[in-house]
Amino acid sequence: MLRYSAAIRERLEMSDRSTWTMRHFSQANPKGPEQGDVPALLRSIADAIEELGDVEIYDLILHNEITEDGHLPSITVYFDYPNHDA
């Protein structure tokens, strides 16, 4: 049987009451000879972020899938719109 301290129990109870929603999108280069071009992918991601407008970026995760055509990197961007009321 697991036993938790009072502080850990309180944190677990708080996490049960809280839910978080994170906006995100993923993007990759078009399949083909240039699909593995990470600098081009980063430029594309930067353009996409600018198009979103005033956002807070929380994380960028680079994924790499190996396909029969070679590496296919993609990036997932986690973001949200700032809360101007805070």
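Residues numbered from 1 in each chain as written. Predicted model: local features only at pLDDT ≥ 70, side-chain atom pairs only at ≥ 80, totals over all residues. Heavy atoms only, no water.

Caption draft 1: Here's a closer look at helix H2 (residues 38-52). An ideal rise of 1.5 Å per residue puts 21 Å on 15 residues; H2 measures up with 21 Å between its terminal C-alpha atoms. Listing the buried residues of H2 in full gives Leu 41, Ile 45, Ala 48 and Ile 49. Buried residues of H2, seen end-on, are gathered within an arc of 100° and therefore sit on one face of the element. Summarising the geometry of H2, the exposed residues directed more than 90 degrees from the buried face are Arg 43, Glu 50 and Glu 51. Buried-residue contacts for H2 involve strand E1 (23-28), strand E2 (56-67) and strand E3 (70-80). For H2, the N-terminal capping position is held by Asp 37, with its side-chain oxygen 3.2 Å away from the main-chain nitrogen of Ala 40. Of the residues flanking the end of H2, it is Gly 53, one or two places downstream, whose phi is positive at about 90°. (Helix = DSSP H or I, 4+ residues; strand = E, 2+ residues; numbered from the N terminus. Expected span 1.5 Å × (residues − 1). Buried < 20%, exposed > 50% of the residue type's maximum accessible area, 1.4 Å probe, protein only. Arc of directions from axis to C-beta. Contact = heavy atoms within 4.5 Å. Polar contact = N/O pair within 3.5 Å; in protein donor to acceptor, adjacent residues only side chain to side chain.)

Caption draft 2: Broad picture of the pairing of E3. Note that E1 and E3 share six bridges and pair antiparallel. Directly across from Gln 27, in E3, lies its bridge partner Ile 75. Relative to E3, E2 runs antiparallel, the two being bridged by 11 bridges. Bridge pairing in E3 places Glu 56 opposite Asp 80. The hairpin turn running from E2 into E3, its antiparallel successor, is two residues long. (Pairing = 2+ DSSP bridges.)

Any link to function would need more than the numbers given here.
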